[in-house]
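Understanding the architecture of this molecule
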Amino acid sequence: MSGIVDFFRRGKRQQDVFTELLRPHVELMYRMAYRWTQSSSDAEDLVQDILTRLATRVDELQRVDMLRPWLIKILYNRYVDLYRRQRNGPVAYEHEVWTPDEDALSSPVARAQDQRDPLGQMEDQRALLKGLAQLDEGQRDVVLLHDVEGYTALEVADILELNVGTVKSRLHRARAHLKKFLMAGTF
Amino acid sequence: MNCVDAKSRLDTASDPQALAADQALVAHLRDCANCRDYAEELRLTRLLRALPAPPPSEGFADRALAQAWDAAQPRTERSSAPYAWGGLAASVLLAAVLFTQIGGDGPLAPEAPLPDIQVVQMAPNEVRPVNVRLVSKEALPEATITIRLDRNLALDGYPDTDTLSWQTALAAGTNELALPLHLLGDERGEVTIEIQSGSSRRHMKLAVEPRENNLGIESGSSIAL
Ligand SMILES: [Zn+2]
């Protein structure tokens, strides 16, 4: 039966290169897209759209040094094109806190997280989403990238095409605004 | 407690209840606006970093990558233009692309949502490579692939063989299998492709339907891989 193995294409094809380059980043892209769109299906559509565009640009992808911020920058620009510009004005930022369904809750990780944080976190997070909704888009973008998804100030500056000073001052003002939404208490 | 101690206590402990029970810390924060700000900022950034997000639908990344690649290819063989093969090299004919999802969360996970059966058309007695795409979430070093053909189909080079089974390693991501299918007569044939790894098993079906030979393609034209 050894001849059968020849049914598999030999050599590394462009598609494999494409898949290997992007596979590690797809879920991060999805998560960032979810932060912006606040909708799983919109987030999946947005990522699908970007991936399809990138499928014809494999050579270019191979030359990118830091793929993750580069991809997030493309994602951001596409999000602005598709969602912000077309709606002619600020997008309503909804404040629904997503909660894991039963399946996810029964996973060991979810249970551990649940036990670690039994009180108040949901309340605080709901309030924070309200606070985020009131921020202007410039500040919200910075908070979502830096504080929620953990991109560095330099990466955020690159993604949003701002200088680092602007990123830091927006972050400072945004945090001051968000603090007002937290429940009383220090910790 | 001084400011340095207070900040390091805040930095290292993540349990709010333990912090609230720390009398020395609470006393310091009561008197020190600077450390109070610091504590609040820490609480805020920890909450933001933990803001939940729903996971994408199952298998999204692999599916999206495969679909993206597919959609970006020039449309040579799609149902809209199925007869544009004339100008293509025989070796790159793509008769069908199937997706299946194997591996993943556990044994016998539900089948990925696929059409029950994919259909390609071939001329009677034609041999054509049919590309089957296997998308696996993880590397499967000892997968078994089994091809079952009904009596109207054969694999070119394997006459009189209706079941072929072999073990191979599947890479994480997309694996492409090119099957040289031979429609033996002018009746519909069916092939089942099954992938098994450990206790996990997936299969998909492909139907080959005979096509009227009025489209400028010679009857019985044989296309080698
Ligand atoms: Zn202090």
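Relevant structure appears above.
Here is a short report on the structure shown in this document.

Cut-offs applied
- Residues numbered from 1 in each chain as written.
- Chains lettered and ligands numbered in written order.
- Predicted model: local features only at pLDDT ≥ 70, side-chain atom pairs only at ≥ 80, totals over all residues.
- Heavy atoms only, no water.
- Donors = N, O, S within 2.8 Å, 3.2 Å for Na, K, Ca; no water.
- Tetrahedral: all angles 85-135°; square planar, octahedral: opposite > 155°, others 65-115°.
- Helix = DSSP H or I, 4+ residues; strand = E, 2+ residues; numbered from the N terminus.
- Buried < 20%, exposed > 50% of the residue type's maximum accessible area, 1.4 Å probe, protein only.
- Core = buried A, V, L, I, M, F, W, Y, C linked by side-chain atoms within 4.5 Å.
- Contact = heavy atoms within 4.5 Å.
- Pairing = 2+ DSSP bridges.
- Salt bridge = Lys/Arg side-chain N within 4 Å of Asp/Glu carboxyl O.
- Buried area = accessible area lost by both parts, 1.4 Å probe.
- Polar contact = N/O pair within 3.5 Å; in protein donor to acceptor, adjacent residues only side chain to side chain.

**Examining the coordination of the zinc ion**
All names here are of chain B. Listed as protein donors to the zinc ion are Cys3 (SG), His28 (NE2), Cys32 (SG) and Cys35 (SG); their distances from the metal cover 2.1 to 2.3 Å. Metal-centred angles of 100 to 114 degrees between the four donor atoms at the zinc ion mark the site as tetrahedral. Sequence spacing among the residues donating to the zinc ion works out to C-x24-H-x3-C-x2-C. Of this pair, Cys3 sits in helix α1 (residues 3-12) while His28 sits in helix α3 (residues 23-31); the two residues are 25 residues apart in sequence, bridging distant segments of the chain. Residue classification places Cys3 among the partly exposed residues on the basis of a relative accessible area of 34%.

**Side note on the nonpolar core**
Counting 60 residues, the largest nonpolar core has Phe18 and Leu75 of chain A as its most contacted members. No other element matches the ten residues that helix α1 (residues 14-37) of chain A contributes to this core. If we skip the residues at most four places from it in the chain, Phe18 of chain A touches Leu51, Leu54, Ala55, Val58 and Leu61 of chain A together with Leu65, Ala68 and Trp69 of chain B. Leu134, Leu140, Ala143 and Val208 of chain B belong to the second-largest nonpolar core, a separate cluster that totals 26 residues.

**A look at the pairing of strand β6 (residues 163-170) of chain B**
Residues and elements named next belong to chain B. The alternating pattern of β6 places Leu164, Trp166, Thr168 and Leu170 on a buried face and Thr163, Ser165, Gln167 and Ala169 on a face that is not buried. Alignment of strand β4 (residues 140-149) against β6, held across seven bridges, turns out to be antiparallel. Bridging from a neighbouring strand, Ala143 pairs with Thr168 of β6.

**Points about unusual backbone geometry**
Backbone geometry at Gln38 of chain A places phi at a positive 60 degrees, although glycine is not the residue there. Unusually for a residue other than glycine, Asn125 of chain B sits at a positive phi of about 70 degrees. Along the polypeptide, Asn125 of chain B turns up in the loop between β2 (117-122) and β3 (127-136). A relative accessible area of 36% places Asn125 of chain B in the partly exposed class.

**Considering the pattern of salt bridges**
Any two side chains of opposite charge can pair if their charged atoms end up close together. Residue and element names in this part refer to chain A. Tallied over the full model, the rule gives 22 salt bridges over all chains. The salt bridge partner of Arg35 is Glu149, with a shortest N-O separation of 2.7 Å. Separated by 114 residues along the polypeptide, Arg35 in helix α1 and Glu149 in the loop between α8 (137-148) and α9 (153-160) bring together distant segments of the chain. Looking at Arg35, the relative accessible area reads 4%, which means it is buried.

**With respect to the interface of chain B and chain A**
Put simply, an interface is often sized by how much accessible area is lost when its parts join up. With 57 residues of chain B in contact, the opposing surface of chain A contributes 54 residues. Taking both sides of the interface into account, the surface hidden between chain B and chain A amounts to around 5,100 Å²; carbon and sulfur atoms contribute 67%. The tally of links from chain B across to chain A stands at four salt bridges. Across the pair Arg23 of chain A and Asp62 of chain B runs a salt bridge whose closest N-O atoms are separated by 2.8 Å. Summed over the shared surface of chain B and chain A, the number is twelve residue pairs in polar contact (both at pLDDT 80 or more). The set of elements that each furnish at least two residues to the side of chain B that touches chain A consists of α2 (16-20), α3, α4 (33-49), α5 (60-72), β3, β6 and β7 (173-183) of chain B. Among the elements that take part in the side of chain B that touches chain A, α5 of chain B stands out by supplying twelve residues, more than any other.

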